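One letter stands for each residue in the lines below.
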Amino acid sequence: MKNLEELKKIRDRVRKDLELRTGKHRIKIVVCLGTCGIAAGARETMNTLIDLIAKKDTPDTIVTTAGCAGFCQQEPMIQLYIEDKEPVVYGKVDQKAAEEIFEKHILKGEIVEKYLFSKGK
Amino acid sequence: MSKRSIAQVLVGIDGNTVLFGARKIKTKLITEMHKHGLSEQVQVIETGSIGPANQGVIIGVYPAGEMYGNITEEEVVEFVQERFVKGRPYKKLLLSEKLPAGIDLTAYDSRKTQYLGRIVLDNCGKINPEDIEEYIGMRGYEALGIILKEKTSEEVIKIVRDSGLKGRGGAGFPTGLKWSFTAKVKDTPKYVICNADEGEPGTFKDRLIMEGDPHKVLEGMAICGYAIGANTGYIYIRGEYQLSIQRLEKAIKDAEKLGLLGENIFGTDFDFQVKIKIGAGSYVCGEETALLTSMEGFRGEPRFKPPFPAESGFLAKPTNINNVETFANIAPIILNGAEWFKKLGTESSSGTKVYTVLGHIKRSGLIEVPMGVTLREIIYDYAGGMSSGNFKMTQIGGTAGNLLSSEFLDVPLDFQSLKEVGYSLGSGAVLIMNETVSVVDFIKCCMKFFVHESCGKCTPCREGTRYAYEILDKISLGKGKADDIESLKLLGESMKDSSFCPFGQSAPNSLLNSLSLFPEEYNNLLIK
Ligand SMILES: Cc1cc2nc3c(=O)[nH]c(=O)nc-3n(C[C@H](O)[C@H](O)[C@H](O)COP(=O)(O)O)c2cc1C
Ligand code: FES
């Protein structure tokens, strides 16, 4: 280690891995992974989202899972929590939908009406 | 670009949980994740103590912040199935506490949550203590880098002094002032010693700091070395602390590999190496002068002060001795500034204090709270209230500390407030007892400890502890007489006044407190 810059390089690289633990994320995507969700393809949806986060380098976004929310016919469902914004719930989110939601809502902040299930608390 | 995991499971591996099979549970978790094809999505990580101490193996799940206790190897199968395959909390073992994620120090006013405001334990239970990069990810070694590049040693001492940090080893001496004494002395070489003897019964905060975040202690020591002009540091650690020793050794090696310890740190001309010295487990060796004697290879007996270690310490060279927790406060102070530190705690005592809370309470374990939090808050807000019965008394600061009755529940716990009522904060042990504990039996038990640990150098302490124990024994068996109480008082006072070192001076603390707070407990046992 010759200088502080080298240290900061390690710091920034590792930070992403620690993000989940420091709670400093801005966006949280909750994928409903109940039996119904999994049957409808929620796992594939989730994997798509995880890949996108890595590909687009958005370390302030995390994906977590929850159980069935009680709207089984809408699965796969995702809930999107963005800091200072009302939560949004999307239904029937297959891989293609996940890509579109990621592109428009997460990166640009535009709600994708097509898949919208509900807004607010 | 590597794929990011969506969840991380942290297994708290410390001296306690190892005994409950924490390592096996970690392996089992990894196997189960693999079985379900979740290895990439869910990372299993080893960390230090997560906090609770009477709940078996503790694991944490991030980012949900869930904490699970008492998990067994068999139960891991169902846990992984429920929590990660089905994706819902595993209610059976879920604890009410939350993990420390994302709670900032700013939330000073609502002191209600356990993990609010951590400085010393900020990384404990969050990072893998055996991975130096994770420490660096939490801004580790940045403080050291900054001072080496930008600050003179006087400036570093000034920051520590302005922060108001006081020693966390018991006596509460201002740390910046202590550093300035050693810095002033011309003689070389100088030494930095970290006191990790932690012999005080009921105190295990230093162990959990070293097990959970060893680099923070090393960084604090290196900063001290730069400030006082020392190139060698020693950690005097008790031999029972195997896991701490292992993790410290690994930490030292890793830091040396990256050039963060050793020669030419950060490419400057500052060298600092850290060595570990293992103690043989005598309580008095925690006292700084006895510690020095022991380090020099002699029987651990205290020396006369002055000269103070700052002038003539290890091998008669200028030496600065601080406690583990004291060193762990240094890097955060440098990074955030003295003013930031002063905002936490009370006027006389800045910052936070790490306590180990034990006894008849619902949640025992490790907490870090701002200085000035009261005993009532510790018991009812942090420790979840009494586990059974009603509050009777508490002993703070370990066996050499003070005994407090319910009148003291609302005294702020900080150096000054306790001094005003004639007490001291001590090591950070908080032992809470309900009405089922007999005062006389308890004090007798404490005295037995001192009889065993007295080094024997001076008469008041060697003989005093023994006589006091015998009288207490007699009273507890219902054979005491009224004048025995007077003898106890006289003995206690004489030990306080005439013992050679603070060991004998503090041994009768709780005894004397108990005589004035609970005289009826003694009287009831006397022959009428
Ligand atoms: C009998 C006795 C035992 C002590 N044990 C310890 C100990 O285990 N750890 C510790 O840090 N300080 C212990 N101390 C206090 C040390 O003498 C010393 O004050 C302390 O290490 C200074 O560090 P600080 O300024 O950071 O608090 C003990 C003191 C006495 C009298
Ligand atoms: S030598 Fe320490 S009190 Fe006697």
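In case you missed it, the structure is sitting above this.
Note that this is a predicted model, so its numbers are computed, not measured. (Residues numbered from 1 in each chain as written. Chains lettered and ligands numbered in written order. Predicted model: local features only at pLDDT ≥ 70, side-chain atom pairs only at ≥ 80, totals over all residues. Heavy atoms only, no water.)

Draft legend 1. Seen up close, the overall build of chain B. Looking only at helices and strands, chain B has 21 helices and 14 strands in total. With the principal axes as the frame, chain B shows a C-alpha extent of 80 × 60 × 40 Å. The proportion of buried residues among the 528 residues of chain B is 61%. By sequence separation, contacts in chain B at least 24 residues apart represent 70% of the contacts at least 6 residues apart. Accessible area for chain B stands at about 19900 Å²; split by element, carbon and sulfur atoms hold 52% of it. Across chain B, the mean location of the 61 positive side-chain charges is 1 Å away from that of the 66 negative side-chain charges. (Helix = DSSP H or I, 4+ residues; strand = E, 2+ residues; numbered from the N terminus. Buried < 20%, exposed > 50% of the residue type's maximum accessible area, 1.4 Å probe, protein only. Contact = heavy atoms within 4.5 Å. Areas by Shrake-Rupley, 256 points an atom, 1.4 Å probe, with all protein chains shown as cover. Lys, Arg positive; Asp, Glu negative; His and termini not counted. Charge placed at Lys NZ, Arg CZ, Asp CG, Glu CD.)

Draft legend 2. Molecular detail of empty space enclosed by the protein. Residue and element names in this part refer to chain B. Taken as a whole and assessed by the stated rule, the structure comprises four cavities of 30 Å³ or more. Size it by volume and the largest cavity reaches roughly 60 Å³. Contributing to the lining of the largest cavity are Asp14, Asn16, Thr17, Phe20, Ser49, Gly51, Pro52, Ala53, Gly56, Phe204 and Leu208. (1 Å grid on protein atoms, 1.4 Å probe; cavity = no way out; pocket = protein on both sides within 12 Å on 5 of 7 lines; lining within 4 Å. Points joined across faces, edges and corners; volume = space filled by probe spheres on them.)

Draft legend 3. Summary view of the site of ligand 1. Residues and elements named next belong to chain B. In the vicinity of ligand 1 there are 18 residues, among which Gly169, Lys178, Glu198, Asn323 and Thr326 approach most closely. A distance of 2.9 Å is found between an oxygen atom of ligand 1 and a side-chain nitrogen or oxygen belonging to Asn195. At 3.4 Å, a backbone N or O of Gly199 approaches an oxygen atom of ligand 1. Protein burial of ligand 1: of its 620 Å² of free accessible surface, 89% is covered by the chains. Breaking the shell around ligand 1 down by element, the ones donating at least two residues are strand 9 (319-323) and helix 19 (502-506). Here the shell around ligand 1 gets three residues from one element, more than from any other, and that element is strand 9. By residue class, the composition of the shell around ligand 1 is four nonpolar, eight polar and six charged. (Near = heavy atom within 4 Å. Polar contact = N/O pair within 3.5 Å; in protein donor to acceptor, adjacent residues only side chain to side chain. Nonpolar A, V, L, I, M, F, W, Y, C, P; charged D, E, K, R; others polar.)

Draft legend 4. Molecular detail of the interface of chain B and chain A. Contact residues are listed per partner, giving 43 residues for chain B and 42 residues for chain A. Summed over both sides, the interface of chain B with chain A buries roughly 3300 Å², with 58% coming from carbon and sulfur. Inspection of the chain B/chain A interface yields six residue pairs in polar contact (both at pLDDT 80 or more). Secondary structure elements with two or more residues in the side of chain B that touches chain A: strand 1 (7-12), strand 2 (42-47), helix 3 (73-86), helix 4 (132-137) and helix 5 (142-150) of chain B. Looking at the side of chain B that touches chain A residue by residue, the classes come out as 19 nonpolar, 13 polar and eleven charged. (Buried area = accessible area lost by both parts, 1.4 Å probe.)

Draft legend 5. Broad picture of the sheet that holds strand 3 (residues 78-82) of chain A. All names here are of chain A. Strand order in the open sheet formed by five strands is 2-1-3-4-5, and the pairing between neighbours is mixed. If you trace the sheet from one side to the other, it starts and ends with strand 2 (61-66) and strand 5 (116-119), each paired once. Adjacent strand axes in the sheet meet at a mean angle of 20°, parallel and antiparallel pairs treated alike. With three bridges connecting them, strand 4 (residues 88-90) and strand 5 associate as antiparallel partners. Paired with Val88 across the bridge in strand 5 is Lys119. Across the face of the sheet, helix 3 (residues 42-55) comes into contact with strand 1 (27-32), strand 2 and strand 3 while running at roughly 165° to strand 2. (Pairing = 2+ DSSP bridges. Axes fitted to C-alpha atoms, helices over the stretch in contact; angles between N-to-C directions.)

Draft legend 6. Structural context of the sheet that holds strand 12 (residues 391-396) of chain B. All names here are of chain B. The sheet built from five strands is open, its strands ordered 11-10-14-12-13 with mixed pairing. Of all the strands in the sheet, the pair left with one neighbour each is strand 11 (365-370) and strand 13 (402-405). Across the sheet, the mean angle from the axis of one strand to that of its neighbour is 30°, orientation sign disregarded. Sheet topology places strand 10 (residues 352-359) next to strand 14 (residues 429-434); four bridges connect them, and they run parallel. Within the sheet, the bridge partner assigned to Gly359 lies in strand 14 and is Ile432. Set on the sheet, helix 16 (residues 439-453) makes contact with strand 12, strand 13 and strand 14; between it and strand 12 the angle comes to about 15°.

Draft legend 7. Layout of the pairing of strand 14 of chain B. All names here are of chain B. The buried fraction of strand 14 amounts to five of the six residues, a majority that puts the element mostly inside the structure. As defined by bridge partners, strand 12 adjoins strand 14 across five bridges and the pair is classed as antiparallel. When the bridges of strand 14 are listed, Thr394 appears paired with Ile432.

Draft legend 8. Representation of the environment of Asn322 of chain B within the structure. All names here are of chain B. Take Asn322: it is sitting in strand 9. Note on Asn322: relative accessible area 4%, which makes it buried. Here the alpha-carbon distance between Asn322 and Glu288, two residues 34 residues apart in the chain, equals 8.9 Å. A distance of 2.9 Å separates the side chain of Asn322 from the side chain of Trp179, its partner in a polar contact. Engagement of the side chain of Asn322 in a polar contact is seen with the side chain of Asn320, the distance being 2.8 Å.

Draft legend 9. Spatial organisation of the pattern of salt bridges. Taken as a whole and judged by the stated rule, the model has 36 salt bridges over all chains. Of the charged contacts, one joins Lys114 of chain A and Glu100 of chain A as a salt bridge, the two residues approaching to 3.2 Å between their closest N and O atoms. In this pair, Lys114 of chain A sits in the loop between helix 4 (95-108) and strand 5 while Glu100 of chain A sits in helix 4, placing the two residues 14 residues apart along the sequence. Relative accessible area serves as the criterion here: at 17%, Glu100 of chain A is assigned to the buried category. For Glu287 of chain B, the salt bridge is made with Lys305 of chain B, and the minimal N-O distance between the two is 3.9 Å. In this pair, Glu287 of chain B sits in the loop between strand 8 (273-279) and helix 11 (288-295) while Lys305 of chain B sits in the loop between helix 11 and strand 9, placing the two residues 18 residues apart along the sequence. Within the structure, one salt-bridge network assembled from shared partners comprises Arg23, Lys26, Glu46, Glu130 and Arg247 of chain B. (Salt bridge = Lys/Arg side-chain N within 4 Å of Asp/Glu carboxyl O.)

Draft legend 10. Summary view of helix 11 of chain B. Residue and element names in this part refer to chain B. A large share of helix 11 lies buried, amounting to seven of its eight residues. Within helix 11 the residues assigned to the buried category are Thr289, Ala290, Leu291, Leu292, Thr293, Ser294 and Met295. Buried residues belonging to helix 11 abut strand 6 (191-196), strand 7 (232-238), strand 8 and strand 9. At the C-terminal side of helix 11, Gly297 shows a positive phi close to 100°.

Draft legend 11. Focus on the packing of aromatic side chains. All names here are of chain B. Under the criterion given, the structure shown has 18 aromatic pairs over all chains. With 6.2 Å between their ring centres and 45° between their planes, Phe173 and Phe181 make a pair best called tilted. Phe173 gets classed as partly exposed once you look at its relative accessible area, which sits at 37%. Exposure remark for Phe181: the relative accessible area of 34% places this residue in the partly exposed category. Taken together through their ring pairs, the aromatic side chains of Tyr68, Phe79, Phe84 and Tyr90 make up a single cluster. The residue whose ring lies beneath Arg83 is Phe84, and the NZ or CZ to ring-centre distance is 5.4 Å. A cation sits over an aromatic face here: Lys353 above Tyr355, 5.7 Å from the ring centre. (Phe/Tyr/Trp six-rings, centres within 6.5 Å; stacked < 30°, edge-to-face > 60°. Lys NZ or Arg CZ within 6 Å of the ring centre and 35° of its normal.)

Note that all results are geometric; they support no functional claim without further evidence.
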